[in-house]
Amino acid sequence: MTSTQTTTTTPRTAARVVDAVKVYGGGDTAVHALDGVTVSFPAGRFTAIMGPSGSGKSTLMHCAAGLDTLTSGSAFVGDTELAGLDDRRLTLLRRDRVGFVFQAYNLVPTLTVAENITLPLDLAGGTGDPEWIDTLIDVVGLRGRLHHRPAELSGGQQQRVAVARAFASRPEVVFADEPTGNLDSRSGEEVLGLLGRTVRTTGRTVVMVTHDPVAAAHADEVVFLADGRLVDRMADPTADKVLDRVKAFEVPS
């Protein structure tokens, strides 16, 4: 007699938090920015984090990325628990395995586009993978701008440089905090499309905090927070569905 064994594969996780609690202050003035959040971010996917103002969106991202520490609970990048790392190893993890895109482009004004893209690699004393960098330049559409400086670029072009820089070291996960907040709607759409395209063409992972339902609709999945807690997840989001869901979490004043 023969038996057939069915196995299921669990999607690999790029980052996750378990029972995450973050408290600012103490006593009667303590603020629970995160209140027992457990959430994972699948590798090779584009995930958006949404919720009303003060829901804990940015706090979750900062703690998951190792930019801030949890009051209790655990945060992991891959299988590495961040709380178990000393300052040096945490710095190395953020440099080698995590990328960042922020609302402010954070480009160095005296450097060219090419130099800004490779800056993290240069600071680490390495050259990276030239073929990978070359591919990124084409993905972000900056081939003709490599010798320009940030002041010679539009806001959307500057953010594209920031996106390329975030992916330059082939990080396991890129965290983006309101990456279109300083952009007009057209430039914002271009950058969001770029993030999604980079995920699809390179197999990297993006976790983005946004307050904009249109931005969230570019993601593969949306994670919703309210009052520091995980309250819902939505696959294959649309702007209208996201907006309806966010409205349901907002308490009328």
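Reference entry: report on the structure contained in this document. The written sequence of each chain sets the order in which its residues are numbered from 1. Local features in a predicted model are, by the rule used here, given only for residues with pLDDT of at least 70; side-chain atom pairs are given and counted only at 80 or more, and totals for whole chains, interfaces and linings are based on all residues. In computing side-chain values, all of the structure's heavy atoms are included and hydrogens and water are not.

1. Comments concerning the overall build of the chain
And step 1. Per the convention used, a helix needs a DSSP run of H or I reaching at least four residues, while a strand needs a run of E reaching at least two, with both numbered from the N terminus. Helix and strand counts for the chain stand at 9 helices and 10 strands.
And step 2. Taken over C-alpha atoms, the radius of gyration comes to 19 Å for the chain, in line with the 18 Å a tight globule of 253 residues would show.
And step 3. For the chain, the spread of C-alpha atoms along the principal axes amounts to about 65 × 50 × 40 Å.
And step 4. Contacts were defined at the residue level, with two residues in contact if any of their heavy atoms lie within 4.5 Å. Long-range pairs, those at least 24 residues apart, make up 67% of the contacts in the chain with a sequence separation of at least 6.
And step 5. Areas reported as accessible are Shrake-Rupley estimates using a 1.4 Å probe. Residue values count occlusion only from the protein chains shown. Surface accessibility of the chain: about 12700 Å² in total, with carbon and sulfur atoms responsible for 48%.
And step 6. Between the mean site of the 25 positive side-chain charges and the mean site of the 31 negative ones, the chain shows a separation of 3 Å. Each radius of gyration is computed over the set of C-alpha atoms, and the globule rule expresses the reference value as 2.2 Å times the number of residues to the power 0.38. In this charge count, Lys and Arg are treated as positive and Asp and Glu as negative; neither His nor the chain ends contribute. One atom stands in for each charge, and that atom is NZ of Lys, CZ of Arg, CG of Asp or CD of Glu.

2. Thoughts on the pairing of strand S7 (residues 173-177)
The two faces of a sheet get side chains in turn, since along a regular strand they alternate between them.
And step 1. With 5 of 5 residues buried, S7 lies mostly within the body of the structure.
And step 2. In the sheet, S7 pairs with strand S8 (residues 206-209) via 4 bridges, with the strands oriented parallel. If you follow Phe175 over to S8, its bridge partner there is Val207.
And step 3. A clockwise path from the first strand over the helix to the second, with the strands pointing away from the viewer, defines a right-handed crossover. Assessed by its sense of winding, the connection that carries the chain from S7 through helix H7 (residues 185-202) to S8 is right-handed. Summary of the burial criterion: residues with accessible area below 20% of their type's maximum are buried, those above 50% are exposed, and those between are partly exposed, where the area comes from a 1.4 Å probe applied to protein chains only. Note: two strands are recorded as paired if DSSP finds a minimum of 2 bridges between them.

3. Remarks on the sheet that holds strand S2 (residues 31-42)
And step 1. The strand order S2-S1-S4-S5 describes an open sheet built from 4 strands, whose pairing is antiparallel. Of all the strands in the sheet, just S2 and strand S5 (80-81) have a single pairing partner and so form its edges.
And step 2. Fitted lines through C-alpha atoms serve as axes, helices being fitted only where they are in contact, and the angles separating the N-to-C directions of these axes extend from 0 to 180 degrees. Helix H1 (residues 57-64) contacts strand S1 (13-24), S2 and strand S4 (72-77) of the sheet and is inclined by roughly 60° relative to S2.

4. Thoughts on unusual backbone geometry
Peptide bonds are, in most cases, trans, and in most cases residues other than glycine have a negative phi.
And step 1. Despite not being glycine, Arg170 has its phi angle at roughly 55°, a positive value.
And step 2. Tracing the backbone shows Arg170 in the loop between helix H6 (155-167) and S7.
And step 3. At Asp227, a residue that is not glycine, the phi angle is positive and equals roughly 55°.
And step 4. Inspection of the secondary structure puts Asp227 in the loop between strand S9 (221-226) and strand S10 (229-235).
And step 5. Accessibility expressed as a relative area gives 65% for Asp227, which makes it exposed.

5. Let's talk about the sheet that holds S10
Either a parallel or an antiparallel arrangement is found when strands of a sheet pair, and the pairing is made through backbone hydrogen bonds.
And step 1. If you walk across this open sheet you meet the 6 strands as S6-S7-S8-S3-S9-S10, and the pairing is mixed. Looking along the sheet, the strands with just one partner apiece sit at the ends: strand S6 (98-102) and S10. Within the sheet, the average angular offset between the axes of one strand and its neighbour, ignoring direction, is 20°.
And step 2. In this sheet, S7 lies alongside S6 in parallel orientation, the contact comprising 5 bridges. Along S7, the bridge assignment pairs Phe100 with Phe175.
And step 3. The strands touched by H1 are strand S3 (46-50), S6, S7, S8 and S9; relative to S7, the strand with the most contacts, the crossing angle is about 150°.

6. Comments concerning the pairing of S9
And step 1. With 6 of 6 residues buried, S9 lies mostly within the body of the structure.
And step 2. Burial along S9 is two-sided: the residues Glu221, Val223 and Leu225 and Val222, Phe224 and Ala226 are all buried.
And step 3. Pairing analysis gives 4 bridges linking S3 to S9, with the strands arranged parallel. Within the sheet, the bridge partner assigned to Met50 lies in S9 and is Phe224.

7. Brief notes about the packing of H6 against H7
And step 1. For the pair H6 and H7, the least separation of the axes is 9 Å and the interaxial angle reads 20°. With respect to each other, H6 and H7 are oriented roughly parallel. Judged by the sense of rotation from one axis to the other, the crossing of H6 with H7 is right-handed. The segment H6 lies against H7, with Gly156, Gln159, Arg160, Val163 and Phe167 engaging Ser187, Glu190, Val191, Leu194, Leu195 and Thr198. Oblique is the label for any angle not covered by the other classes, which are roughly parallel (under 35 degrees), roughly antiparallel (over 145) and roughly perpendicular (65 to 115). Two helices crossing with the near one rotated counterclockwise from the far one by less than a right angle form a left-handed crossing, whereas a clockwise rotation gives a right-handed crossing.

8. A word on the environment of Val101
And step 1. With respect to the helices and strands, the residue Val101 is situated in strand S6.
And step 2. It is 9.7 Å that separates the C-alpha atoms of Val101 and Arg160, two residues lying 59 residues apart in sequence.
And step 3. Among all residues touching Val101, those that are not within four sequence positions of it are Gln159, Ala162, Val163, Ala166, Val174, Phe175, Ala176, Asp177 and Pro179.

9. Some remarks on the packing of aromatic side chains
And step 1. For Phe, Tyr and Trp, rings pair up if their centres lie within 6.5 Å, where Trp contributes its six-membered ring, and each pair is then called stacked (planes under 30 degrees apart), edge-to-face (over 60) or tilted (otherwise). For the structure shown, the criterion picks out 2 aromatic pairs.
And step 2. Taking 5.8 Å as the distance between ring centres and 5° as the angle between the ring planes, the aromatic pair formed by Phe100 and Phe102 counts as stacked.
And step 3. With a relative accessible area of 18%, Phe100 lands in the buried category.
And step 4. A connected cluster of aromatic rings, assembled from ring pairs, spans Phe100, Phe102 and Phe175.
And step 5. A ring has a charge above it when a Lys NZ or an Arg CZ is no more than 6 Å from the ring centre and no more than 35 degrees off the ring normal. Directly above the aromatic system of Phe76 lies the positively charged group of Arg16, at a separation of 3.9 Å from the ring centroid.

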